[in-house]
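# Summary of the model geometry
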Amino acid sequence: MKKIIVTFLTLACPIFLVLSNQFVASAVSSPSKPLITVKATSTTKISISYKKVKGATSYQIYRANSKSGNYKHIVTTKNTSYTNSKLKSSTKYYYKVRAIKKAGKKTYYSKYSTVKSAKTFIPYAKYAGTYKVGKDIAAGEYMIFGKNIYYEISKEPSNFEAILTNDFVYNQAYVRLSKGQYFKLVDYGTGAYFIPSSKVKHTLSSSVKKPGMYKIGTDLKAGTHKISFGSYYEVINNSSILNLDAIEYNGEINGTEYVKVKNGQFLKITPSY
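Presented here is an overview of the structure given in this document. (Residues numbered from 1 in each chain as written. Predicted model: local features only at pLDDT ≥ 70, side-chain atom pairs only at ≥ 80, totals over all residues. Heavy atoms only, no water.)

## Description of the sheet that holds strand S18 (residues 247-252)
Here we have four strands laid out as an open sheet, ordered S15-S20-S17-S18, and antiparallel in their pairing. Either end of the sheet is taken by a strand with one partner, and the two such strands are strand S15 (212-215) and S18. Shown here is a sheet whose adjacent strand axes are inclined to one another by a mean of 10 degrees, direction ignored. In the sheet, strand S17 (residues 232-236) pairs with strand S20 (residues 266-270) via five bridges, with the strands oriented antiparallel. Residue pairing in the sheet places Tyr233 in a bridge with Ile269 of S20. (Pairing = 2+ DSSP bridges. Helix = DSSP H or I, 4+ residues; strand = E, 2+ residues; numbered from the N terminus. Axes fitted to C-alpha atoms, helices over the stretch in contact; angles between N-to-C directions.)

So, in structure tokens, the structure goes:
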């Protein structure tokens with residue numbers, strides 16, 4: 001009888017140790033995946049931040065040039081934020097992060113965070129806000145970029161009756177600003193910005209292919225152009241558009257329209273809805 005008990009205990013001890021080890025292993029789990037925020041801070045820097053993950057001892061940050069691209073490990077850090085520097089301006093980067101937990105000799109990894117992206121600032125660009133011309137920005141001609149964004153030029157801020165002109169922008173538009181005026185740009189989440197037109201790399205095209213505002217002789221060649229998209233067009237002699245006298249002629253686009261323009265004018269095409 002004693003022999004049987006000893007044998008049973010001898011067999012039971014390894015089983016207990018195995019179960020015990022499994023219990024310890026299961027008690028240590030992988031950390032939760034981080035919740036990250038990515039934001040551009042300059043023309044060459046992007047900030048990646050995330051909330052502290054319970055039990056995490058460090059974090060690995062990965063970067064790619066496209067959402068489904070090849071992600072490269074750029075840093076392992078104990079901090080909950082990191083600034084990625086020496087990047088290219090006007091460039092979009094994609095990031096994902098995973099948390100690391102070390103328990104004894106073992107290392108546990110979280111799932112990767114949701115991919116987040118940010119685009120480094122564009123040289124000379126200004127973003128949404130209200131600017132006083134001559135103080136915040138210089139007087140002159142500017143190009144606005146973005147989709148379905150709003151701007152206004154006024155004699156004084158926060159005064160509807162002081163508005164000289166306002167409009168919505170579809171892809172791109174020109175404005176001329178004078179000293180003492182106030183320029184307001186509203187971004188509805190499409191990344192609106194404006195740049196002095198002298199700093200923009202213009203490409204002279206022989207045809208117009210999408211809605212927007214084009215400077216003839218700079219963006220679009222002078223001549224007669226066939227337009228087969230959009231709902232309305234204007235040919236303008238002055239990009240400030242402060243009065244109706246600046247409009248040379250305009251019209252609706254029903255299917256197709258032929259428009260003749262000359263150097264120095266502006267062609268504005270409003271999209272269809």
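## So, the sheet that holds strand S2 (residues 46-50)
Strand order in the open sheet formed by three strands is S1-S2-S5, and the pairing between neighbours is antiparallel. In this open sheet, the two edge strands, each paired with only one partner strand, are strand S1 (36-40) and strand S5 (81-84). Mean inter-strand twist for the sheet, computed between neighbouring axes without regard to direction, equals 15 degrees. Both S1 and S2 contribute to a ladder of five bridges, which runs antiparallel. Residue pairing in the sheet places Thr37 in a bridge with Ser49 of S2.

## Re the environment of Thr218
The topology assignment puts Thr218 in the loop between S15 and strand S16 (223-227). Its relative accessible area of 23% is what places Thr218 among the partly exposed residues. In this structure, the C-alpha to C-alpha distance between Thr218 and Gly264, residues 46 residues apart in sequence, is 8.4 Å. Beyond its immediate stretch of four places on either side in the chain, Thr218 contacts Tyr174, His202, Thr203 and Leu204. (Buried < 20%, exposed > 50% of the residue type's maximum accessible area, 1.4 Å probe, protein only. Contact = heavy atoms within 4.5 Å.)

## Here we look at the pattern of salt bridges
By the definition in use, this model includes three salt bridges. The partner of Arg176 in a salt bridge is Glu141, with the nearest N and O atoms 3.1 Å apart. A residue pair is termed long-range when its members are at least 10 positions apart, and Arg176 in strand S12 (residues 163-177) and Glu141 in strand S11 (residues 140-154) qualify at 35 residues. You can call Glu141 buried: its relative accessible area is 15%. Lys215 is the partner of Glu141 in a salt bridge, and the nearest nitrogen-oxygen pair spans 3.1 Å. Highlighted residues: Glu141 in strand S11 and Lys215 in strand S15, separated in sequence by 74 residues. Lys215 matches Glu141 in its accessibility class, with the two residues each being buried. (Salt bridge = Lys/Arg side-chain N within 4 Å of Asp/Glu carboxyl O.)

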